[in-house]
Amino acid sequence: MQIRIIASSALVIAFAFACTARAAPAQDAAAGTGKPLTAQQARMKGCNAEAKSQSLKGDERRAFMSTCLKGGGTALTAHAADKTAAPSPAQLKRKACSAEAKEKGLKGSERKAFVRDCANEGEVASAT
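Residues numbered from 1 in each chain as written. Predicted model: local features only at pLDDT ≥ 70, side-chain atom pairs only at ≥ 80, totals over all residues. Heavy atoms only, no water.

**Comments concerning the overall build of the chain**
Inclusion rule: Strands are runs of DSSP state E lasting at least two residues, helices are runs of H or I lasting at least four, and both sets are numbered from the N terminus onward. For every residue, the accessible area (1.4 Å probe, protein chains only) is compared with the maximum for its type, and the residue is labelled buried under 20%, exposed over 50%, or partly exposed between those bounds. Here, two residues are considered to be in contact whenever any of their heavy atoms come within 4.5 Å of each other.
A tally of regular secondary structure across the chain gives six helices and zero strands. Per-residue burial over the chain gives 12% buried out of 128 residues. A fraction of 27% describes how many contacts in the chain between residues 6 or more apart in sequence connect residues 24 or more apart.

**Observations concerning the pattern of salt bridges**
Short version of the rule: By convention in these notes, a salt bridge is any Lys or Arg side-chain nitrogen within 4 Å of a carboxyl oxygen on Asp or Glu.
For the coordinates displayed, the defined rule picks out three salt bridges. Among the ionic pairs, R62 bridges to D59, the shortest N-O distance being 2.6 Å. Remark: D59 and R62 occur in helix α3 (residues 58-72); sequence separation between them is three residues, near one turn of the helix. A single burial state applies to R62 and to D59, both of which are exposed. Here K104 makes a salt bridge to E100, at a shortest N to O gap of 3.7 Å. Of the two residues, K104 and E100 both sit in helix α5 (residues 89-104), four residues apart, roughly one turn of that helix. Taking the relative accessible area as the measure of exposure, E100 reaches 32% and is therefore partly exposed.

**Regarding the environment of N48**
Filter applied, for reference: Polar contact is defined as a pair of N or O atoms within 3.5 Å, subject to the rule that within protein one atom must be able to donate a hydrogen and the other to accept it, and that residues adjacent in sequence are counted only when both atoms are side-chain atoms.
By secondary structure assignment, the location of N48 is in helix α2 (residues 39-53). For the pair formed by N48 and M65, sequence separation is 17 residues and the distance between their alpha carbons is 7.4 Å. The contacts of N48, once residues within four sequence positions are left out, are R61 and M65. A polar contact is formed between the side chain of N48 and the side chain of R61, at a distance of 2.7 Å.

**Brief notes about the nonpolar core**
Selection rule: Residues grouped as a nonpolar core are buried Ala, Val, Leu, Ile, Met, Phe, Trp, Tyr and Cys residues, joined through side-chain atoms within 4.5 Å.
Judged by nonpolar contacts, C47, A51, L56, F64, M65 and C68 together constitute the single largest core of six residues. When contributions to this core are tallied by element, the ones reaching two or more residues are α2 and α3. Sorting elements by how many residues they give to this core places α3 first, with three residues. Setting aside its immediate chain neighbours within four residues, M65 contacts M44, C47, N48 and A51.

**A short note on the environment of R116**
Here R116 is to be found in helix α6 (residues 108-127). You can call R116 partly exposed: its relative accessible area is 44%.

**Quick word on the state of the cysteines**
Condition: In plain terms, two cysteine sulfur atoms within 2.5 Å form what is called a disulfide here.
For the coordinates displayed, the defined rule picks out two disulfides. Here the chain pairs its bonded cysteines, counted in sequence order, in the arrangement 1-2, 3-4.

**Some thoughts on unusual backbone geometry**
Leave glycine aside and you will find that most residues have negative phi; peptide bonds, for their part, are mostly trans. Of note, S55 is a non-glycine position whose phi angle comes to about 55 degrees, a positive value. Tracing the chain through its elements places S55 in the loop between α2 and α3.

**A look at α2**
Residues spaced three or four apart along an α-helix face the same direction, because each turn holds 3.6 residues. To keep it simple, the criterion reads: In this scheme, a helix's expected span is set at 1.5 Å multiplied by one less than its residue total.
Look at α2: 21 Å from first C-alpha to last across 15 residues, which is about the 21 Å you get at 1.5 Å a residue. Count one or two residues on from α2 and you reach S55, which has phi positive near 55 degrees.

And the structure:
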């Protein structure tokens, strides 16, 4: 009698586990539709695809993913190079304003306000 109860309990647990395991991918797919990927999610997706194409496993994959997520992957490096190749005029202006704030010894909220106002002055002047 006890053997039947134990066997049927094990069967119920195994069935529940199997149902849970099948439901998880469906939830992930539903959650992924409709919302654009964040930068981190896109980076993770690209690194995973690159690791899969190189057939990396175990420690090699772990080391590759760590490097790739930090910006060391070949696909990500090319993408990052495109982004940082030529800073925009607004970026250059903010950098100049930041240097000026540093020269003046500004810190904290004063520095933040100064850089914001300084960069906005440049944008207003270029717009007119």
